Structures are given as structure tokens and as C-alpha cells.
Amino acid sequence: MRFCLHFLPILFFCSPILSQELVPPLQNYAPSEYNGENQNWAITQSRDRLIYIANNKNLLEFNGAEWMRYPSPNETVIRSVKAIGNRIYSGCYMEFGYWQKDKYGVLQYTSLSKRLRIDFLPDEEFWSILDIEDWVVFQSPNRIYVYNVKDDTIYTIDAETSLSKAFNVGQSIYFQKTNKGIYRIGNGKASLVFDDPIVRDDEVVGIFEEGQQILVLTKHNGFFKSKEESLVKWNIAAEDEISEVSVYGSIQLKDGSFALGTISHGLIHIDRMGNLLNYINQLNGLRNNTVLSLFEDVDNNIWLGLDHGISYANLKSPYRVFHDNKGIVGSVYAATVRDSILYLGTNQGLFYKDFRSRLDFKMIEGTEGQVWSLNTIGETLFCGHHKGTFTIKGTKAEKVAKIQGTWKIGKLEGDKDHVLQGNYDGLHILERRKGEWYYKNKINGFENSSRYVEVIEGKIFVSHEYKGVFKIEALPDFSAVKAVTVDTLIKGSNSGLVRYKGDLLYAYKEGIFKYDKREAKFVKDSLLSNAFTENEYVSGKLMVDEANKHLWIFTASAIVYISEGELDSSPRINTIPLAENIRNGIVGYESVTPLIDDFRYAFGTTSGYIVVRMDDLNDSNFEVGIGTIREAGKNTDSSKKDIVDKSEEGNFETNDNNLEISFYTTQFNKYVKPQFQYQLLGRYEKWSDWSNQARVSFENLPSGSYTFNVRARIGGEISSNMASYAFSIARPWYFSNLMWGIYFLGALLASMLVHSLYKRYYHNYQKKLIEESEREMELARAQSEKEIIALKNKQLKNEYKSKSNELAASTMSIIKKNELLSKVKAQLVATVEDKNLVKPIIHLIDKSLNQNDDWELFKEAFNNADRRFLKKLKKAHSNLSPNDIRLCAYLRLNLSSKEIAPLLNISARSVEIKRYRLRKKMNLSHEANLVDYILKL
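Keep in mind it's a predicted model, so treat the numbers as computed, not measured. (Residues numbered from 1 in each chain as written. Predicted model: local features only at pLDDT ≥ 70, side-chain atom pairs only at ≥ 80, totals over all residues. Heavy atoms only, no water.)

(A) Representation of the overall build of the protein chain. On a plain count of helices and strands, the protein chain comes out with 13 helices and 64 strands. Computed over C-alpha atoms, the radius of gyration of the protein chain comes to 56 Å, more than 25% over the 30 Å expected from 2.2 N^0.38 for 937 residues, which places it beyond the range of a compact globule. Principal-axis analysis of the C-alpha atoms gives the protein chain an extent of 190 × 100 × 65 Å. Sequence separation of at least 24 residues holds for 49% of the intrachain contacts in the protein chain that already meet a minimum separation of 6. Put simply, the protein chain shows about 47800 Å² of open surface, and 49% of that area lies on carbon and sulfur atoms. The positive charge centre, built from 119 side chains, and the negative charge centre, built from 116, are 13 Å apart in the protein chain. (Helix = DSSP H or I, 4+ residues; strand = E, 2+ residues; numbered from the N terminus. Rg over C-alpha atoms; globule rule 2.2 N^0.38 Å. Contact = heavy atoms within 4.5 Å. Areas by Shrake-Rupley, 256 points an atom, 1.4 Å probe, with all protein chains shown as cover. Lys, Arg positive; Asp, Glu negative; His and termini not counted. Charge placed at Lys NZ, Arg CZ, Asp CG, Glu CD.)

(B) Up close: the sheet that holds strand β15 (residues 172–177). Strand order in this open sheet of four strands is β14-β15-β16-β17, and the pairing throughout is antiparallel. This sheet does not close on itself; its edge strands, each paired only once, are β14 (163–169) and β17 (189–194). Direction aside, neighbouring strands of the sheet carry axes that sit 30° apart on average. (Pairing = 2+ DSSP bridges. Axes fitted to C-alpha atoms, helices over the stretch in contact; angles between N-to-C directions.)

(C) Spotlight on the pairing of strand β19 (residues 213–218). Along β19, five of the six residues are buried, which leaves the element largely enclosed by surrounding structure. Here strand β18 (residues 204–210) pairs with β19 via six bridges, running antiparallel. The partner of I207 across the bridge, within β19, is V216. The turn joining β18 and β19, which pair antiparallel and follow one another in sequence, is formed by two residues; a positive phi near 65° is taken by G211. Across four bridges, the pairing between β19 and strand β20 (residues 222–227) is antiparallel. In the sheet register, V216 faces β20, and the bridge partner there is F224. Taking the residues between adjacent antiparallel strands as the criterion, β19 and β20 are bridged by three residues. (Buried < 20%, exposed > 50% of the residue type's maximum accessible area, 1.4 Å probe, protein only.)

(D) Quick peek at the packing of aromatic side chains. Applying the stated criterion across every chain, the model contains 59 aromatic pairs. Considering the side-chain rings of F62 and W303, the 6.3 Å spacing of their centres and the 70° angle between planes classify their relative orientation as edge-to-face. With F62 in strand β4 (residues 58–62) and W303 in strand β27 (residues 301–306), the pair connects residues that are 241 residues apart, well separated along the chain. Assigned by exposure class, F62 and W303 land together as buried. With a centroid separation of 6.3 Å and 25° between ring planes, the pair formed by Y684 and F698 is classed as stacked. Of this pair, Y684 sits in the loop between β60 (675–681) and β61 (695–698) while F698 sits in strand β61, placing them 14 residues apart in sequence. Take Y684: its relative accessible area is 42%, and that puts it in the partly exposed class. Taken together, the ring pairs in this structure connect Y29, Y34, F62, W67, W303, Y312 and F668 into an aromatic cluster. Just above the ring of Y248 sits the side chain of K165; from NZ or CZ to the centre is 4.7 Å. (Phe/Tyr/Trp six-rings, centres within 6.5 Å; stacked < 30°, edge-to-face > 60°. Lys NZ or Arg CZ within 6 Å of the ring centre and 35° of its normal.)

(E) Representation of unusual backbone geometry within the structure. The backbone of R117 sits at a positive phi, close to 55°, despite the residue not being glycine. Looking at where R117 falls in the secondary structure, it is placed in the loop between α2 (112–115) and β10 (128–132). Positive phi, normally seen in glycine, also occurs at N187, with a value near 55°.

(F) Layout of the packing of helix α11 (residues 897–904) against helix α12 (residues 908–921). Where α11 meets α12, the closest approach of the two axes is 8 Å, and the angle between their N-to-C directions is 100°. Regarding the angle of α11 to α12, the classification is roughly perpendicular. Of the residues in α12, those in contact with S897, K898, I900, A901 and L904 of α11 are A908, V911, E912, K914 and R915. Here the contact of α11 with α12 is composed, by residue class, of five nonpolar, one polar and four charged. (Parallel < 35°, antiparallel > 145°, perpendicular 65-115°, else oblique. Nonpolar A, V, L, I, M, F, W, Y, C, P; charged D, E, K, R; others polar.)

(G) Region of interest: the sheet that holds strand β52 (residues 559–564). In space, the four strands of this open sheet follow the order β50-β51-β52-β53, with antiparallel pairing throughout. At either end of the open sheet lies a strand with only one pairing partner, and these are β50 (537–545) and β53 (571–576). Strand-to-strand twist of the sheet, defined as the mean angle between neighbouring strand axes without regard to direction, takes the value 25°. Bridge analysis of β50 against strand β51 (residues 550–555) gives five bridges, and the strand direction is antiparallel. Each bridged residue has a counterpart across the sheet, and for M543 the counterpart in β51 is W552.

(H) Representation of a nonpolar patch on the surface in the model. Together, W733, Y734, F735, L738, W740, I742 and Y743 line one region of the surface with nonpolar side chains, adding up to about 780 Å² of accessible area. As for its placement among the helices and strands, L738 is situated in helix α6 (residues 737–831). Since its relative accessible area comes to 63%, L738 is described here as exposed. (Patch = residues over 30% accessible without salt bridge, like charges linked within 9 Å, V, L, I, M, F, W, Y side chains within 5 Å. Salt bridge = Lys/Arg side-chain N within 4 Å of Asp/Glu carboxyl O.)

(I) Representation of the nonpolar core within the structure. If you look at the biggest cluster of nonpolar residues, it comprises 42 residues, and the most contacted ones within it are W552, I576, F603, F708 and F727. No other element matches the five residues that strand β62 (residues 704–714) contributes to this core. Leaving out residues up to four positions away in the same chain, W552 has contacts with K541, L542, M543, D545, I559, V560, Y561, I576, V592, Y601, F603 and M614. In terms of nonpolar packing, the next biggest core, distinct from the first, is built from 26 residues, V469, I490, L505 and F513 among them. (Core = buried A, V, L, I, M, F, W, Y, C linked by side-chain atoms within 4.5 Å.)

(J) Highlighting the pattern of salt bridges. Here the structure, examined in full by the defined rule, presents 29 salt bridges. Ionic pairing is found between E125 and R79, a salt bridge with its closest N-O pair at 3.0 Å. Of this pair, E125 sits in the loop between α2 and β10 while R79 sits in the loop between β5 (67–71) and β6 (80–84), placing them 46 residues apart in sequence. R79 matches E125 in its accessibility class, with the two residues each being buried. Notably, a salt bridge pairs R433 with E431, separated by 2.9 Å at the nearest N-O pair. Looking at E431, the relative accessible area reads 18%, which means it is buried.

(K) Structural context of helix α10 (residues 882–892). In terms of burial, α10 is a largely internal element, nine of the eleven residues being buried. Taken residue by residue, α10 has D884, I885, R886, L887, C888, A889, Y890, L891 and R892 as its buried positions. Two residues or fewer past α10, N894 is found with a positive phi of approximately 65°.

(L) Representation of the pairing of strand β7 (residues 87–92) within the structure. When you tally the buried positions in β7, you get six out of six residues, the bulk of the element. Taking every second residue as pointing to the same face, both faces of β7 are buried, with R87, Y89 and G91 on one and I88, S90 and C92 on the other. Sheet topology places β6 next to β7; five bridges connect them, and they run antiparallel. Along β7, the bridge assignment pairs V81 with S90. Linkage of β6 to β7, two consecutive antiparallel strands, is achieved through a turn of two residues, within which G85 is found at a positive phi near 65°. Alignment of β7 against strand β8 (residues 95–101), held across five bridges, turns out to be antiparallel. When the bridges of β8 are listed, S90 appears paired with G97.

See below:
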């Protein structure tokens, strides 16, 4: 059953046509690219050229730049879609209705089935939507609903058996009833048209009007034609191909040809006579081999809704593609056509095929490996190969030089029996003897790789991208080099050298230079250098089409060819809009080959070649449109609420000053991609650079009025219109007219207040100056008093120091006196035997030692030096005796026991005993130091 089709396994296609043929450009979209599901059941195009696709549970919208997704209205599979007027009708499970865009450009759904309160049959799904005049027809497997758009009424046509599909045929609706035949709707009723066994037993997948006849396409048995009231087999050239596949759907194109979508066999395209035009499948570029839906858009592109993804084919494109999906041929470095045989020199060898046949390419035996060039000189086709040099005769190759790495074979001026070839290791000569070519010799003295070699006026020029251009003068017999000069001023990566119309041209990123023979140097050609800018530079490879006198140049955005003008011989620059990233060429090794007629050229790619029909490169009118306008910003959610009405001038608040604008042009072309350029008047007056980006964001725009303009470019053509959107951003509330008035009044009041405050400030300032002067005088007086006090303190310190010195002198004097008296006494006692004689003297000495006069003198001096100490001592220790106080005074002077002993007229041992007793009176701990305690007191 067709309704279980998505459960069928997708089989790898083994085409009944064994060769890989030239096919129209194919563009594939994976589910991840359109952000939807795998299966695509129906396709349509609105009058504003947007594409709509029934994608399982989503309705997809595509404007050429971005995809939009709208969920199914009842979360079931959308099986059908049809654009009629400004509505997009769709049908799904137990539901049909239409979509219309609101003022924001967003589709909104209206349910006809609910509005008309339709009582559906169980499990109805709507697989087809057709339109005739004021009627829209919704077809389910069991019933047809005919809706009148004008009076909003509906009637139904029931079927006793299931209905497979319904078809528009002229001004009538045809459909098939299973096991019954083909019916036509007329006057609100269905009448039987054909009941032949073929349409009773096989599913009808297409009904077409061909003149006065009806064509019927069946799923398994091909085409049938009406003859009177019956059907007869239509025998066509493509019958074998159609009979071996299962056709799921079909459409008749505007040119009368037919497109047939198959199950697991891709797309079959036949002309109105039944001849095979294209067989497109996974083998030659289609994303998936099961075609669920077909649609021809206004530009004659065929859209294919696949079981896994979406594709479209540019049937009217001037380009045709041979893509080596089998991996047999490889990357094409050179190509040529001789005697109806197309030769391809690739990285895998030299291949050939009859130019008009559908057979695969075959390799010429012995040419396995890298082919660098194919050069025709006279009647001989030379093949420059990594292994050496071959001559090609039909499908045979004969090696004539075993020197490894032949880049190119070229003519020698005025010499038909010798040719010059450039190799990895320099230059070599081939010679013709008795009609056959043989290797002759190497030109000794030049060892550089010679990929680009040209001869002009007897001089050999060799371009080396890292060293420059060599000019070589060889001996007359070409046995050796006579002289070599090198121009190192011009050199660059991927540079190229070629002879064109008697001139020697050199190309690299700075332009195209012509050799000036008189000046013996290269001079920039201002006209030819217009072919590319430094930013557009990709390759300096130049190629000459001798037959048409074209010079070919390869740039980043296009292929350029120089031709002669129609009215004069002035060079004319022409472009083919094939960008480098699209044409998939081999940078630096590009190739272009004129085919049998003068209107088609083949360009080598990394996996085959592209054929361009020059006379079909017609300019077409196209328009650019603005998609959506959203309020942008980091914290803004890209939901419907943020979409702006683009039909009216925008008025935004101050904080809504971040906008994101998308734009598009509905040109669906695989190889010619649109570029966009915009300006924002009021902010950015200059046009932006051309870019493939179809969206731009503006952030933090200041208040003011703006006009956004955008235009598109395809190839060298500019869009016929310029899309615009005008908007303004309000001034902040603090810059409104009311606020300006408030600011003025505020400024006036502020000036008056400032004047008043200034007067008060001036008055306070004067008062402050007076107060500061008085304060400074007070500070001066205080400073003077402070200085007087400091002088007095200094005087007191000096007096204290003097008193301390006196005390120390007095103390030392007493100590010295007592020591002297003690020594005298001891001497008298020791030396005089008669004690009575010295007794009075000893008595006198003892009296002097024991009297308090010295102590009183010391005490007075001590009090003068340290008056507070004795008071503190008495207050802290009232239990001390005079002798204890005397001892403390001596300790205060930091005198040792030995020095104190003479002052007390006792022994040092006795002083220690006194110190011990003093500690006890003062209640000092064992660890405390007596002297430290007294010094700190």
C-alpha cells in the first residue's frame, strides 16, 4: 500500500544505464539543513516565488536563503500542499485548511474542515489538492471534497473503492477508483472514462492531456494513449528504462517533457516524444533514490521531495555536470576532443569515451598515473605524464620519451619536426623522423622545473613561481644553453605564463603583465588586469582557446574569458559566474576544453567536469526581498513576538535599538549563488561589500530616522529592484521636548541659584579668610609658646644632666675618699707595731668613714637629679629603713656591690646581705632582678 511507503527499505540503485552521464546541476538538502523530518510528500510555489513543502509533521517554507518551519496544525503528517492565490492549502490526517501570512510575514493556519464542520470518514488523510477556477479539490483515499472559494461551500464525491490519486487534466479533474477504472468529475458528479484492464489492475500515477488524446502513466506498465474510448500502449524509446522501475509520481513540464519519480530508482526525465533526456539518481548526484513528490517552479527547476531530504535540478541551466561518483576517473587536469573522442587527463590516468555515447570512460592502457597536459601539435596529440611523454592515437598510447615528469609539450617557431617539452628537470627536445616522434636530447645547462614554457622570437621563457621568469637562449641545435637571465621582480604562488596573439603574458596576484620586447621586461597590462583584483586572485593559470581566440582566466568569483569586440579587435572581458568554491576546480591546474561545437566548454573539477553552454548564459531579471525584521539583542528571544511588521514604517522605542534584518532572492540555482549588498541611510551611507550572508544585525543604534536598503547580485547582474525598510528610533525620555523645556527652566533656576550661592560663597570665603588669619596667628602664638616650653625643657634637661654629672662626681669622690681612708687605716694597722701611737688616727679615720655628712651631701645631690624616685620608693615601700633607702639610691645609680661597700663602710659581702634583705622587704620574687626593679620604679 502507498500509505506504508515510508516503511519500505531504500535500496541502492543499480541503473539500467551503466554510464555516468552529464546531468543538470543538482542541489541537495539534508534534514539537518532544513531542520525538518526525512520524508517530503508534496511541493508547491506561491506567487511570491517561495517554495512550500509538506514535510511529514511540518510545513516548510524556503526563500532561497533560509528555511522556516511551521508545525502541523494537529500534529499529524502533512500529506499535501498547494499554493492558490495568497493562500497555501494543506491536507493532513482528518484535517484540511489553508495558511496565510499575517502582517509580520508569518503563516497563520485556518481550518476549513472545522469551520465547515465536516464529518470525516474514519482515518481520512488528504493526499492531493487540486484547483480549477473557483474550486479547490481535496482528495483522500475514500472521498473527494470540492470546496467553492467564493461562496465557502463544499460537496463530496464518494468512492465505493479506494482512490489512489487525482489529477488536473485541462479544465477537468480525473481520478482512479481501484478495480474500477478512471473517472472524470463533471457537473458535480463522477463519470467513468476508461475501464481498460490496465487501469483496473495497475495504479495510475499520471494522467496528461496531449492534443486531443489522453496519456495515462501506470506504476508498473508505463504509458498508454487514449484511442476512442480505450487505451493502447504508447511505445517509446525510453520504454526499457520505465518498465524496469516502479513509478510513484509524475508531472508534465512546461516544455511538454515528463518527469517521473520512482521508488528506489531516482528521477527519469523524457521528452514529449518519449526519448530519454536525463536519468538522475544517487549514482550521479541525487541525495536519495525514492522520489515522493515532484514540482516544476516558475524558473523550470524540478523540485524533488525525497524519502530522505529535498533536491532540485536546474533543467534549464546552461551547466551540465559529470560527477565521478564511482571514483574511476578522478580529478581532471586536462581534456581535449579529437575525432569525436573525449579525452580526460586525470590524476589516475588518461581516459576516453565516444563523445556522444552513454558508455563509461575507459582508461588507455599504459597511462596509469598523473597526467599533466594534453597538447595537440599538428596532427599529433601529446600526453604529458608523470612517467614521461606519450603520443595518443585513437585509444592507444605510445611512450616516446621516458624522461620523468613531462609538464607540457609546445611548438618551436618555424620548425615542424621538433617540439619543446618542459619537465621536472628542465627542457628537452622531441624530433619527428619518418612521421614518428622520438626523444632527441636535453638542453644542457638548465635544470629548473619547467611547467610553463613558451617560445617567442627564438627565446625560450620558463616561469618558476618561486624564482621568477627565465629567459633562455639556446644553441642553434638546442643541445645546450647559450645564456640565461632571470627576472626576479615578478614571481608568485600559482603564477602562470602563456602566449596569446603573439604576446607573452604573465599573471600573478598583482595583475597580468605583457612582455615588452624592446624594453626586454614585463609591463602591467591595465586592461587585462581588470579581469581580477588582488582579493579575487586565485590562480595565475592562463589558457588559450586557439579556435575561438579566447584567453581564459580563473578568479575567486567567476571564470573570465577575454574575447575580441564585435566592432573592433579591442579585448572584451566576459564572465561566467562560477565561483571557485562552487566549480570545485584544482587551483593552479585549472583546465578548459572547447567541445565539438563552439558553444560548449568543459571545465575540469576534482571529481569530473562541468560543461557550460555559452549561448544559454542569458541574463535574467530577479528581485530581492526583505524576509523578516526582528528586534535583536543578547536577551531577546527570537519568537514571533519579536517580529516586526515590515509593511509599515517602523517606530521603535529608545531601548528597542537592536534590529536583525533578513533578505533573500528566490533564485534557485546550484552554481550561481546570489550575493547581497546593503546600506543603512542615517548611519552607514556607503554600501557594504558584496556577501553571501542573507542576514544583518544592527546594535545600539542611536535615536533618529533610518532607511535600510538591500540589493542582490547574481553573476554580474544586479537585481531589478532595491528592497527598503524605513524606521525610526525614538529619542530617550530625557531628550523629549517636555524634558528640554524642563531643562531650560531648570538651567534658569540653576543659574539664579548659582549666582546666589556664589555671593554667599564669596561672603563666607572672606569670612573664612579672616578666621584662617586669626587661626594662623593663634597657631603662631602657640608655636612660640611651644618653642619656649621646648627651650625650658631643654634647659631643664641640661640642668638634670649637670646635676646627674655632679651626683656621679660626688659619688665617685666619696667612694675614692673612703677607699683612700680605708687603705690608710689598713696600712697603719699593718705597719705600726705600737697600736697606741696610731689609735687616735684610726679613730679619726673611723669617725670620718661613719659620719653622715657624705650621705647628706649625696642625698641632696640625688634629690636634685631624681627627686621623684625617693618619693615613689617611700610610697611603694614605707617599711624601708634609711639605710635601705640609701642602698636603693646607690642601686638606682647602677653601682655594684663592690662600689657600694666603701660608701656604707662595710664589706662587699655585707652589701650582698643587705641586698638580699632588701629584696625580702620589697617582696620581690626569686626571678625578679632587684636593680631592674629599682631602675624601672
